Amino acid sequence: MSDVYPNLLSPIKVGQTELKNRVLMGSMHTGLEEATNGYARMGTFYAERARGGVALLVTGGVSPNAQGKLGLGEGERAFPDCAEKHRTVTNAVRAEGGKILLQLLHAGRYSKQPDLVAPSAIRASINKFVPHELNGDEIGQTIEDFATATVRATEVGYDGVELMGSEGYLVSEFLCPRTNKREDEWGGVWENRKRFFIEIVRRTREITGPAPILMARVSIIDLVEGGMTGAEIIDLAKSLEGAGADILNSGIGWHEAQIPTIMHSVPRNAFVWATRRINQAVSIPVIASNRINTPERAEEIIAAGDADMVSMARPFLADSNFVNKAATGRADEINTCIACNQACLDNIFSGRIATCLVNPRACRETELNIEIAGKPRRYAVVGGGPGGVAAAVTLAERGHAVSLFEAEDRLGGQFNMAQAVPGKADYRETTRYFSATLNRLEVEVHLSMRVTVGDLVDGKFDGVILATGVVPRKMEIEGAERANVLSYIDVFAARKPVGKRVAIIGAGGIGFDVAEFLTQMYEPGNLVHDSDIAGFLTEWGVDQGLTEPGGVSRNRHVMRSARDITLCQRSEARFGRTLGKSTSWAIRAALQMKGVKFLGGVAYCRIDADGLHVQIGNEERLVEADTVVVCAGQEPLRDLKDGLESAGVPVHLIGGADGSAELDAQRAIDQAVRLAARI
Ligand code: NAP
Ligand code: SF4
């Protein structure tokens, strides 16, 4: 038994397969599936995670037939056609001693291609295509397609399959009255609605025999009206066990659900209680999922008997070596997923290959490698924000001697402000990871030191990386210098008092963050939601008793904002358009629930003791406010650049110092790592 995380790291038998620990890398669509040279890249990506200690990996979803494709473009192939290509993936994982399942996912009415099918011809709210209603023969053929795809998967080296039965895809659509209006043996009463999933498992087991792992992904809560009841979910779990499933995985929420399930505002381990329900009902192993991002929280789940395994997906984008680090007592060196979705899901939603904000190498393993430098040099990195620390770590990993200078008394930069926002406490994990890694790599870190050009010249360094960040943009309007006007730094960092009535100028990411921060009933800094699972569930109307179909409760308890807040922007476009695609709807909804007002299309006139005077069209209006907070973007801070260049020191600008337009931590870290990998 392992000394650290003894439950998480203990072996487990799944069907006929022995797994070395309880950690599953859950299925994620990365976009490599459709990319040029995608199979080789996938092989490298998964092999790195297998080498990192994960016991069992699951691929992104692959359809068992052409109609079930997600519809992600020309490169997407249904499984029987692309089976041989998958040997590249399975061989790479096996070479590392790993085990991997193919996820078979039939997209049903979520498919973005016109030849889509579903139990009933009902269009999904998130799709423009109306599905064709499957007839009895087509249903039989689809079941057969799942079974034969599984056989092919094992022939090309997979250890089994995960049969996707949640998230609102085809199997879910059969299970739920919301989307299944059939009157034949595949619809109507529960026994009929569950038949499709049970038949897929039964038929698949029949033709594969006992050897391959059959994992069934069960929706433990649908989070949409017209979903399954709690009793149906328990019965489904038992029936899947009876039909031959070896293990059950937890699926949470349909894609059209209006309740967040994985983003930062969801507390860690928020849905483990729903996994516990089915774990108590079956004797096969059950896997917990969603917002589990540290070995400590994963260990708690197994130790408490809530689940037998833990699935993490994004945490393995953030750190491929998560399990090995945990197993060797180096958990403080794990680069933790902060649930921002910015580089993974948001990339996928905009047709790009996923990567990770805190680890730009994710899904770039074949092109972005950190190699020992041919000639070690001495570098100074100025600025200890996300870009600066990432540059310092990468340079030190390459064998360069690095000195890092930070003007504040701690590392973190803008992340130190972000972590004050409710739901963003995980951002401090990034600073913890970089600090621990800088320490291990023996980087000289100088805190509370505002360097001058003189500190960096005269041959002390072979090059300087300026990661000095940004300064808030000042407003050029009458009253901007008044005492009742604050910058976002005054609010987050200096914690200056903020009145009851607040006008926020600028509705970018930081304007939204400030609004969220100021809605708190409590004193700023009291991170009410970060571990308050019950508060999160009641606020979003999750029925923990699962008596309501789909687990959506009508009894929501929303904490209204203690402050009267108006968020302003000059643009007439939708508020939150610059936030991430996968999170903006929930961030906007959370503020609306709390009573924050949105005022768009404004021209700013002046600020006085009464508040913010704006013009909308021809009408002048007063936004009554005790405090006006300016979140109008930033300007680059790079005042050392000219002096260093005059002294002949090679200078590299990264992050906000390079350019503040469309700056975010993703760009800063990516730029930092790529630069440091190159110079
Ligand atoms: P930002 O996204 O550029 O937003 C600044 C806002 O200020 C704009 O929406 C703009 O809206 C307004 N503005 C610009 N110039 C102005 C001026 N001269 N006078 C008045 N208003 C002006 O910048 P940010 O909010 O400071 O965020 C910085 C970066 O961090 C962004 O890239 C952001 O995406 C990222 N970030 C993201 C998140 C998140 O995704 N949740 C959170 C925090 C930060 P109008 O022109 O319409 O008025
Ligand atoms: Fe996690 Fe953000 Fe990285 Fe996605 S981009 S894996 S959410 S840290």
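Here the structure is a predicted model, which means the values were calculated and not measured.

(A) Spotlight on the overall build of the protein. Within the protein, the regular secondary structure consists of 23 helices and 27 strands. Rg of the C-alpha trace for the protein: 26 Å, near the compact-globule value of 26 Å for 679 residues, within the 12% margin. When the backbone C-alpha atoms are referred to their principal axes, the protein occupies close to 75 × 65 × 45 Å. By residue count, 61% of the 679 residues in the protein fall in the buried class. In the protein, once contacts between residues fewer than 6 apart in sequence are set aside, the share between residues at least 24 apart is 71%. When the accessible surface of the protein is summed, it comes to about 25700 Å², and 47% of that surface belongs to carbon and sulfur atoms. Averaged over its 75 positive side-chain charges, the protein has a centre that lies 1 Å from the centre of its 85 negative ones.

(B) How the structure looks around the sheet that holds strand β19 (residues 501-505). The strand order across the open sheet built from five strands is β18-β25-β19-β20-β21, with neighbouring strands paired in parallel fashion. The open sheet has two edge strands with one neighbour each: β18 (485-487) and β21 (597-599). With strand direction ignored, the average angle separating the axes of adjacent strands in the sheet is 25 degrees. Here β19 pairs with strand β20 (residues 564-568) via five bridges, running parallel.

(C) Looking closely at the site of ligand 1. The environment of ligand 1 is formed by 21 residues, the closest being Ile 510, Arg 570, Ser 571, Gln 634 and Leu 663. Measuring from a nitrogen atom of ligand 1, one finds a side-chain N or O atom of Arg 473 at 3.0 Å. If ligand 1 stood free it would expose 890 Å²; the protein chains cover 79% of that surface. At three residues, the largest contribution of residues to the shell around ligand 1 is made by helix α19 (residues 509-518).

(D) How the structure looks around the sheet that holds strand β9 (residues 213-221). One closed barrel accounts for eight strands, arranged β3-β4-β5-β8-β9-β10-β11-β12; its pairing is parallel. Here the strands of the sheet are splayed against their neighbours by 30 degrees on average, with no regard to which way each runs. In this structure, strand β4 (residues 56-62) lies alongside strand β5 (residues 100-104), joined through four bridges in parallel fashion. Bridge pairing in β5 places Val 62 opposite Leu 104. Across the sheet, helix α9 (residues 272-279) is in contact with β9, β10 (247-252) and β11 (286-288); its angle to β11 comes to roughly 175 degrees.

(E) Seen up close, the site of ligand 2. In the vicinity of ligand 2, the contacting residues are Arg 314, Leu 317, Cys 337, Ile 338, Ala 339, Cys 340, Asn 341, Ala 343, Cys 344, Cys 356 and Leu 357. Considering only residue class, the shell around ligand 2 consists of nine nonpolar, one polar and one charged.

(F) Molecular detail of the side chain of Gln 569. Checked against the element boundaries, Gln 569 lands in the loop between β20 and α21 (584-594). Here Gln 569 falls in the buried class, since its relative accessible area comes to 4%. Residues within four places of Gln 569 in sequence aside, it is in contact with Ala 507, Arg 574, Phe 575, Arg 577, Leu 599, Gly 600, Gly 601, Val 602 and Tyr 604.

(G) Highlighting helix α4 (residues 136-155). For α4, with 20 residues, the first-to-last C-alpha span of 29 Å sits near the 28 Å given by 1.5 Å per residue. Sitting at the amino-terminal end of α4 is Asn 135, which places a side-chain oxygen 3.1 Å from the backbone nitrogen of Asp 137.

(H) Molecular detail of the environment of Glu 155. If you trace the backbone, Glu 155 turns up in helix α4. Spatially, the C-alpha atom of Glu 155 lies 8.8 Å from that of Ala 83, the residues being 72 residues apart in sequence.

(I) Quick look at the domain arrangement of the protein. Segmentation of the protein into domains returns domain 1 (12-349), domain 2 (378-471 + 635-678) and domain 3 (474-522 + 562-632). For domain 1 versus domain 3, the distance between C-alpha centres works out to 41 Å. Each side of the interface is counted separately: domain 1 has eleven residues, and domain 3 has seven residues. The three residues of domain 1 that bury the most area against domain 3 are Met 263, Asp 346 and Phe 349, which together make up 58% of that side's buried surface. Counting the contacts that link domain 1 with domain 3 gives zero salt bridges. Connecting domain 1 to domain 3 are three residue pairs in polar contact (both at pLDDT 80 or more). Grouping the constituent residues of the side of domain 1 that touches domain 3 by class yields seven nonpolar, three polar and one charged.

(J) The arrangement of the pairing of β19 in detail. Most of β19 is tucked away, with four of its five residues classed as buried. Note: β19 against strand β25 (residues 627-630), four bridges, orientation parallel. When the sheet's bridge partners are listed, Ile 505 is paired in β25 with Val 630.

(K) A look at the confidence of the model for the protein. Confidence in the prediction for the protein averages 95 pLDDT; 98% of positions are at 70 or higher. Within the model, pLDDT remains below 50 along residues 521-527, and this stretch shows 18 contacts once partners closer than five positions in the same chain are excluded.

(L) Focus on the packing of α19 against α21. Running from amino to carboxyl end, α19 crosses α21 at an angle of 40 degrees, the nearest separation of the two axes being 11 Å. By the angle between their directions, the pair α19 and α21 is classed as oblique. Every pair of crossing elements has a handedness; the one defined by α19 and α21 is left-handed. Contacts between α19 and α21 involve Phe 512, Ala 515 and Glu 516 from the former and Ile 587, Arg 588, Ala 590, Leu 591 and Lys 594 from the latter. Its residues assigned to classes, the contact of α19 with α21 comprises five nonpolar, no polar and three charged.

(M) A look at the side chain of Asp 543. As for its position among the elements, Asp 543 is in the loop between α20 (533-539) and β20. Although Asp 543 lies buried, it forms no salt bridge, and the closest oppositely charged side chain, Arg 554, sits 8.3 Å away as judged by the N-O distance. Within polar-contact distance, the side chain of Asp 543 engages the backbone nitrogen of Gly 545 at 3.1 Å. Within polar-contact distance, the side chain of Asp 543 engages the backbone nitrogen of Thr 547 at 2.8 Å. With sequence-adjacent residues up to four places away left out, Asp 543 is seen in contact with Ile 221, Trp 273, Glu 548, Gly 551, Val 552 and Ser 553.

(N) Seen up close, helix α7 (residues 195-208). Between its first and last C-alpha atoms α7 spans 20 Å; for 14 residues at 1.5 Å apiece the expected length is 20 Å, and the two agree. Listed in full, the buried residues belonging to α7 are Phe 196, Phe 197, Ile 198, Ile 200, Val 201, Thr 204, Arg 205 and Thr 208. Each element contacted by the buried residues of α7 is listed here: α4, β8 (160-165), α5 (170-175), α6 (190-193), β9 and α8 (230-243).

(O) Focus on the environment of Glu 296. By secondary structure assignment, the location of Glu 296 is in helix α10 (residues 295-303). In the structure, Glu 296 is positioned 57 residues away from Ser 239 in sequence and 33 Å away in space, judged by C-alpha atoms. Leaving out residues up to four positions away in the same chain, Glu 296 has contacts with Tyr 5 and Ala 331.

(P) Quick look at the packing of aromatic side chains. The full count for this structure, using the stated rule, is eleven aromatic pairs. Members of the aromatic cluster, joined through ring pairs, are Phe 512, Phe 575 and Phe 598. Directly above the ring of Trp 254 sits Arg 178, whose terminal nitrogen or CZ lies 5.9 Å from the centroid.

(Q) Summary view of the pairing of strand β24 (residues 619-624). Here six bridges tie strand β23 (residues 611-616) to β24, and the two strands are oriented antiparallel to one another. Considered in β24, the bridge of Leu 612 is made with Val 623. As consecutive antiparallel partners, β23 and β24 are separated by two residues, and within that stretch Gly 617 has a phi angle of approximately 65 degrees, a positive value.

Reading guide: rules and limits
- Residues numbered from 1 in each chain as written.
- Chains lettered and ligands numbered in written order.
- Predicted model: local features only at pLDDT ≥ 70, side-chain atom pairs only at ≥ 80, totals over all residues.
- Heavy atoms only, no water.
- Helix = DSSP H or I, 4+ residues; strand = E, 2+ residues; numbered from the N terminus.
- Rg over C-alpha atoms; globule rule 2.2 N^0.38 Å.
- Buried < 20%, exposed > 50% of the residue type's maximum accessible area, 1.4 Å probe, protein only.
- Contact = heavy atoms within 4.5 Å.
- Areas by Shrake-Rupley, 256 points an atom, 1.4 Å probe, with all protein chains shown as cover.
- Lys, Arg positive; Asp, Glu negative; His and termini not counted.
- Charge placed at Lys NZ, Arg CZ, Asp CG, Glu CD.
- Pairing = 2+ DSSP bridges.
- Axes fitted to C-alpha atoms, helices over the stretch in contact; angles between N-to-C directions.
- Near = heavy atom within 4 Å.
- Polar contact = N/O pair within 3.5 Å; in protein donor to acceptor, adjacent residues only side chain to side chain.
- Nonpolar A, V, L, I, M, F, W, Y, C, P; charged D, E, K, R; others polar.
- Expected span 1.5 Å × (residues − 1).
- Domains from an automatic or database assignment.
- Buried area = accessible area lost by both parts, 1.4 Å probe.
- Salt bridge = Lys/Arg side-chain N within 4 Å of Asp/Glu carboxyl O.
- pLDDT = per-residue confidence, 0-100.
- Parallel < 35°, antiparallel > 145°, perpendicular 65-115°, else oblique.
- Left-handed = near helix turned anticlockwise from the far one by under 90°.
- Phe/Tyr/Trp six-rings, centres within 6.5 Å; stacked < 30°, edge-to-face > 60°.
- Lys NZ or Arg CZ within 6 Å of the ring centre and 35° of its normal.

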